[in-house]
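Report on the structure
Residues per chain, in single letters:
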Amino acid sequence: MAGDPEPEPSCVVEALELLLGPPSDGDSAAEPGPEPALCPETLRRNAAALEERLSRAAGWAALRRLRAAVLSRAPALAAGAAGAEPGWATACGLLALLLCLKERLAALAAGPAAPAAPGAPPPPGADTLSVGQERAVRRALRAAVGLGLLPHLPPGLGPGPGPGPGLGPPPGTRGARLFAAVTALVELARLPALGAPLLARHLRLLLSGLCGLGHGPAALCQGVSEAERAQCREALRDILDRVYQPLAVQQLLILQGQPKQRSPGAGAAPAWLRRLCGHLLSERLLRPGGVQAVVRGVLEGTDGGAGAEAAALDWKKCDAVGKILAACPQQCLSLEDYYRQVCPQILDLLHIQDKAAARQFQRVATTTLLTMAKEQPQLAERHLLQPLLAPLRRCSEAAELALEDLTAGAVLVPEAELGSCVEDMLKVFDSLSWALLSVGVCGGNDSSSLLLGSLQSVLGVVFSLYSFAKQNVSYLRSPCQDILLWFLEKAERQQSLAVLEGLARLSSHVPTLHPQCQLRAGSEGGAAVVVGETISDEDEALYQKISLEQCHVESLVELLSHCQKSGLAGDFFIHCLKELTQVAAEDEAAPNPAEEPGGSLLELEQHQARQGRKLLVLQLVAALCEGVSDTVFTDIVQVQEFLAAVLRRACAHPARGPGAAAEAQTLAMAMGLVAAVLGGAVQLKSSDFVVLKRLVPLLEELSHTYPEPLTQELASDLRIAICTHGACSPGAVGAAARGVLGGRPGVGAQSPAGAPGRAPGPASPGGDRRHGSREQSPRREPGAPGASAAPRAHSLAPDGLRELLVSAYDPQPPSRAAALRRLASLVSQRDPEALRLQEKLLQVFLENVRHEDAFVYLSAIQGIALLSSEYPERILPVLLAQYECPAQGAEDAVAAVTRMKLGEVLMRVTRALGDMVFQHREPLIRAFLRGARDPDSALRASSLSNLGELCQHLGFQLGSIIQEVTCCVTAIARTDPEAEVRRAAVHVVVLLLRGLSEKVTEVLQDVLRDLYRLLKHVVTAERDAAAWCCTRSWRWRSWTPP
């Protein structure tokens, strides 16, 4: 009746406990089944007790009416509950009571929520069960599944061999009973309070029953109509759509798997079930987010710690998942549709935040990409590689940009998108090193060629970003460098050289950043691509262009410095030398239209292009010589190719004209290197002589065509030594080798202003060189006495030293720089004459420090540093006086620049002195503190930078002077108007903390709190992003101030 009270959930739970009896020790087992205490007699006795309670107990009438209503809607359960078979009757009774509980909980949840008391937490929902009630419900669900569902599953669908004795269904009733149990359980699963424990523990069995009823053979479904089977099919899809998708994937895989993947004692899955599970898994995959669900379903099962680490190393499972994702399911409309739907989800696998899982997902994404690229290269490029590289392609010069619709400064690629693109590229291409082998892809195959080709199309933009990050504070520098190095390592050598040529702007093999696009520093430490502003001033535009080219050349040289072990740097250096020879030949062959009247505008443009290319090659060769020439060659083959390039150039263009001196010195160096190799600098083998014999035709041509007789004779001697494998080594070869290995007599000892036509070899003592050139001398071993002379054996005579001092004031910067470097070399060799004139040398070096040419003043700085490291007590006071008191009458800007150069000298001396710098601690720190208060902001920043490096080097030897340093740095970081100076002050603190490392709290005990507050102030109040990033680079959270 409408006015009758409804039963409380606690009453229904009590009825469930009465029907099951007291819990046994096995009620918490994971697998469903009848408890050991639920024997047939116990089940009958519990059922009778429940019926008696329902008919006689006060307050249970409402439950009796509700159960009757439920059973009236489920005739199969009503018939089973009234039957004589105790197992099935108990299962039907449990399902009926659980349906009653479901109705009451649903009704309570639909009612109004109870208001919360003021200040108290919100009360639980009306449908919330207590812990004890939840335990009873889980026990009832387990018994209902074990007594009602499990015994009626067809063979091959259950977890075990079958139901125990006395619990099997009568013949012909399996299908109807299974349908009744499954229908009731599906109804219970619709309510979250009951569905959560049901699906968490018994999802596999519920899926097995639905699969058997909806899709199994007709013989397994006797007594089930076609409409009821359709109802099961609909319920199956509804259950799969509502549960946690990785869990659904896991259960379907277990249903589909072999006996060892199922339960002990279970047989192999039937063929129809395996096909059905494959179809359902494909449906899970094609859903939104299906790729991640499938991957998680296969790979999940660990929750951190060593287990997660072990799972992350299970690459075979990751590779198997990747190959599954690369295969198109049969129910997909087309391969194109499948790739269009799945590939974006594969790229999303790269954005997993959890570190342990990210390694697995990254491996899956990489394997899938490789497999797709191998099987369907065009579709993989269209739907995987192009979206992956889209932000970089968008700003490439190969892209067609409608820039007329964009204003200057408009963001073309946002910072977050560009950073994510670079990080994704690094994840993918970094993983390919080992993934290529695991899927059987070798270099040169279609898939690797496709990947390298796609990456090559954006390498120019990546290099521009790397060069930009190198000049700024950005986290993108390291990933861009890793991407570039990965390509140069994995590509074929000729392809790598072509890419390097394109990055150097010598060819168009590599599209670079669009000329109308610019890189701008981002607020998060990254970069964004914006539309650049048009520069109307031609001088400013030219300056910007030259600065950008110089920055690119420096970045390329730094990149090549990481490729020396592989030999790529040496090969590219040789390639540039050959290119220089070719450019010079084209320049000589082509007429100059500016000097010849009647030349067309096209010819003038071509001439200007050749001149620009020549200057670019010269700049690149010079930068390579300066940056990577020390260890650029890794084997005798590269040495031979380098020598061949120089000799070929000398044969084609003998030294004449304005550049004759440089050409003669280059040839002398090359021939001296050949002599040094033959004279014992390298332990040669027979195979090495086979390589060196490639130089014989060039040496023979040089011995006949070069205009200088002494060079002809040395070339002939070298040819003889190579052909005889060093057995016949004329005296000229040994003398030239000693010129390279020892004190560099002959050409190396001449003044830079010497005659360019002088011979590359030394003159024989006591007479004309030609008289003894053919005398054979025994070949010395590398370690034999006399193979190289002591440095002091080749000291310059006073006249030669005076000539060098005069050349140090030469108006031509190259000659002046060469003389300064020669003087610095004499100081490093402790030449007696040079050390005797140390005061004069110091004066020469100090005057040249003021020179505006970088090569000159850097050579002078090197000389002062070497001289100071030898005599610090004499030289340092002079340098400190010059640093603190600039020359009188000099302009402020020039004086500040000179003082910054002297600061560089002082820091080089500090590095050279090592621990001995402690003796000069106070004057050095005092000089830098005074410089930090200079009116010129650049000098203040330079002084602070020097102070920071000095403090880092001193470490625990700072002593009490740390108080002065702290006060100065704190005041500047808080009050200086220039961001550059504040940034340098913060850098001092970072270097100080980094230098002390573990001894921070011991040495900085008195000022630690002040430094901590300063860093906090910079993080919270500093507007300069670079200073803020500099602060964040030191993990100051790892220590706490006292």
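This is a predicted model, so every value here is computed, not measured. What you see as residue numbers is a count from 1 along each chain, following the sequence as written. Owing to the predicted nature of the model, reporting of local features is limited to residues with pLDDT of at least 70; listing and counting of side-chain atom pairs is limited to 80 or more, with chain, interface and lining totals taken over all residues. The basis for every side-chain value is the complete set of heavy atoms in the structure, and neither hydrogens nor water enter the calculation.

Re the overall build of the protein
In this text, helices come from DSSP runs of H or I with a minimum length of four residues, and strands from runs of E with a minimum of two, each type numbered from the N-terminal end. Scanning the protein for helices and strands turns up 45 helices and three strands. Throughout this description, buried means an accessible area under 20% of the type-specific maximum (1.4 Å probe, protein chains only), exposed means over 50%, and partly exposed covers the range between. For the protein, the proportion of its 1042 residues judged to be buried stands at 48%. Long-range contacts, defined as pairs at least 24 residues apart, comprise 74% of the intrachain contacts of the protein with a sequence gap of at least 6. Total accessible area on the protein stands at roughly 49200 Å², and carbon and sulfur atoms take up 53% of it. Whether two residues are in contact is decided by their heavy atoms: any pair within 4.5 Å suffices. Accessible surface area values rest on a Shrake-Rupley calculation with a 1.4 Å probe, where residue burial reflects the displayed protein chains alone.

Observations regarding the pairing of strand β2 (residues 517–521)
Moving residue by residue along a regular strand, the side chains alternate between the two faces of the sheet. Two strands make a pair as long as DSSP finds a minimum of two bridges between them. The pairing of β2 with strand β3 (residues 527–531) spans five bridges and is antiparallel. Within β3, the position partnered with Q518 by the bridge is V530. Joining the antiparallel neighbours β2 and β3 is a turn of five residues, in which G525 adopts a positive phi near 85 degrees.

So, the environment of S396
In this fold, S396 is placed in the loop between α17 (377–394) and β1 (411–413). On the basis of relative accessibility, which here comes to 3%, the residue S396 falls in the buried class.

Here's the deal with the packing of helix α23 (residues 538–560) against helix α25 (residues 601–628)
The relative placement of two packed helices is expressed as an angle between their axes plus a distance between the axes. Fitted lines through C-alpha atoms give the axes, limited to the stretch in contact for helices. The angle between two N-to-C directions lies from 0 to 180 degrees. Axis separation between α23 and α25 bottoms out at 10 Å; the angle between their running directions is 40 degrees. The orientation of α23 with respect to α25, classified from their angle, is oblique. Of the two elements, α23 crosses α25, and the hand of that crossing is right-handed. Seen from α23, the contacting residues are Q550, V553, L556, V557 and L560; seen from α25, they are L616, Q619, L620, A623, L624, G627 and V628. Residue composition of the contact of α23 with α25, grouped by class: nine nonpolar, three polar and no charged. Every angle not falling under 35 degrees, over 145, or within 65 to 115 is termed oblique; those three ranges are roughly parallel, roughly antiparallel and roughly perpendicular. Note on convention: near helix rotated counterclockwise from far helix by under a right angle means a left-handed crossing. Clockwise means right-handed. Polarity classes work like this: nonpolar for Ala, Val, Leu, Ile, Met, Phe, Trp, Tyr, Cys and Pro, charged for Asp, Glu, Lys and Arg, and polar for all others, with Gly in that last group.

Structural notes on the sheet that holds β3
Hydrogen bonds between backbone groups are what pair the strands of a sheet, and the pairing can be parallel or antiparallel. Across the sheet, which stays open at both edges, the three strands sit in the order β1-β3-β2 with antiparallel pairing between neighbours. Each of the sheet's edge strands pairs with one partner strand only, and the pair in question is β1 and β2. Strand-to-strand twist across the sheet, computed as the mean angle between neighbouring axes with direction ignored, equals 45 degrees. Bridge count for β1 against β3 is two bridges, and the pairing is antiparallel. Across the sheet, V413 pairs through a bridge with V529, a residue of β3.

Re the nonpolar core
Put simply, buried Ala, Val, Leu, Ile, Met, Phe, Trp, Tyr and Cys residues joined by side-chain atoms within 4.5 Å make one nonpolar core. M425 and F572 are the most contacted members of the largest nonpolar core, which totals 213 residues. Counting residues per element, this core draws most heavily on helix α5 (residues 86–110), at 12 residues. Non-local contacts of M425, meaning those with residues more than four positions away in its chain, are made with L388, L389, L392, D430, L455, V458, V462 and I483. Core analysis: the next-biggest nonpolar cluster, separate from the first, contains 69 residues, L846, L913, C951 and A984 among them.

Description of a negative patch on the surface
Within the patch definition used here, like charges are joined within 9 Å and nonpolar side chains (Val, Leu, Ile, Met, Phe, Trp, Tyr) within 5 Å, considering only residues with over 30% relative accessible area and no salt bridge. Between Lys or Arg on one side and Asp or Glu on the other, a salt bridge is scored when a side-chain nitrogen of the former is within 4 Å of a carboxyl oxygen of the latter. In this charge count, Lys and Arg are treated as positive and Asp and Glu as negative; neither His nor the chain ends contribute. We put the charge of a Lys on NZ, of an Arg on CZ, of an Asp on CG and of a Glu on CD. A contiguous patch of negative charge on the surface is contributed by D537, E538, D539 and E540. Take E538: it is sitting in helix α23.

Looking at the confidence of the model for the protein
Looking at any residue, its pLDDT shows the predictor's confidence there, from 0 to 100. In the predicted model, the protein carries a mean pLDDT of 76, and 78% of its residues have values of at least 70. Helix α9 (residues 226–242) holds the highest mean pLDDT among the elements of the protein, 92, whereas helix α13 (residues 305–312) holds the lowest, 48. Below pLDDT 50 for its whole length, residues 437–444 participates in 16 contacts with residues either more than four positions away or in separate chains. For the stretch residues 741–795, pLDDT sits under 50, and the model shows 92 contacts to residues farther than four places along the chain or on other chains.

So, helix α3 (residues 61–73)
Under the 1.5 Å per step criterion, the end-to-end length of α3 is 19 Å for 13 residues, consistent within 8% with the ideal 18 Å. Residues A62, L63, L66, R67, V70 and L71 constitute the buried set of α3. Across the axial projection of α3, the buried residues extend over an arc of 165 degrees, all falling on one side. The inward-facing, buried residues of α3 contact α1 (9–20), α2 (40–56), α4 (75–81) and α5. In a helix, the anticipated span is given by 1.5 Å times the number of residues less one. What the arc covers is the set of directions going from the helix axis to the C-beta atoms.

Looking at the layout of surface pockets
Computed from the structure, the second largest pocket encloses a volume of approximately 1200 Å³. Listed by contribution, the elements that provide at least two residues to the lining of the second largest pocket are α20 (459–471), β2 and α23. Per-element accounting of the lining of the second largest pocket gives the leading share, 12 residues, to α23. In terms of residue class, the lining of the second largest pocket is built from 15 nonpolar, 14 polar and six charged. In this analysis the probe radius is 1.4 Å and the grid spacing 1 Å, with only protein atoms considered; a cavity is a set of points the probe fits into but cannot get out of, a pocket is an open set with protein on both sides within 12 Å along at least five of seven lines, and lining residues have an atom within 4 Å of a point. Grid points are joined across faces, edges and corners, and a volume is the space filled by probe spheres set on the points.

Describing the pattern of salt bridges
Across all of its chains, the model carries 24 salt bridges by this definition. Between E187 and K102 there is a salt bridge whose closest N-O contact spans 2.9 Å. With E187 in helix α7 (residues 174–189) and K102 in helix α5, this pair connects stretches of sequence that are 85 residues apart. On the basis of relative accessible area, E187 is assigned to the partly exposed category, the value being 32%. Across the salt bridge formed by D238 and R242, the nearest N and O atoms sit 3.1 Å from each other. Of the two residues, D238 and R242 are both situated in helix α9; the distance of four residues between them amounts to about one turn of the helix. On the basis of relative accessibility, which here comes to 38%, the residue R242 falls in the partly exposed class. Each of K102, E187, R190, D238 and R242 takes part in one network of salt bridges that share partners.

Here we look at the side chain of R139
Considering the arrangement of structural elements, one finds R139 in helix α6 (residues 131–149). Within 3.5 Å is the distance limit for a polar contact, defined as a pair of N or O atoms, with the added protein rule that one can donate a hydrogen and the other accept it, and that residues adjacent in sequence qualify only through two side-chain atoms. Of note is the side chain of R139, whose polar atom sits 2.9 Å from the backbone oxygen of G21.

Thoughts on the side chain of H383
One can find H383 in helix α17. A distance of 2.8 Å separates a polar atom in the side chain of H383 from a polar atom in the side chain of E336. Leave out the neighbours within four places in its chain, and H383 touches E336, Y339, R340 and C343.

Remarks on the packing of aromatic side chains
A pair of aromatic rings is counted whenever rings of Phe, Tyr or Trp (Trp by its six-membered ring) have centres within 6.5 Å, and the orientation is called stacked for planes under 30 degrees apart, edge-to-face for over 60 and tilted otherwise. Taken as a whole, this structure holds three aromatic pairs when the rule is applied. Ring geometry for F463 against Y466: centres 6.3 Å apart, planes inclined by 40 degrees, an arrangement best described as tilted. With F463 and Y466 both in helix α20 and three residues apart, this pair spans about one turn of that helix. Accessibility expressed as a relative area gives 0% for Y466, which makes it buried. Both rings, one in F573 and one in F642, keep their centres 5.9 Å apart while their planes meet at 25 degrees; by these two values the pair is stacked. Here F573 is found in helix α24 (residues 568–589), whereas its partner F642 is found in helix α26 (residues 636–652), with 69 residues between them in sequence. A relative accessible area of 6% means that F573 is categorised as buried. The class for F642 is buried, based on a relative accessible area of 7%. Any Lys NZ or Arg CZ that is within 6 Å of a ring centre and within 35 degrees of that ring's normal is treated as a charge sitting over the ring. Geometry around W60 places R53 over its ring, the cationic atom sitting 5.1 Å from the centre. Across the ring face of Y857, the terminal group of K901 is positioned such that the distance to the ring centre comes to 4.0 Å.

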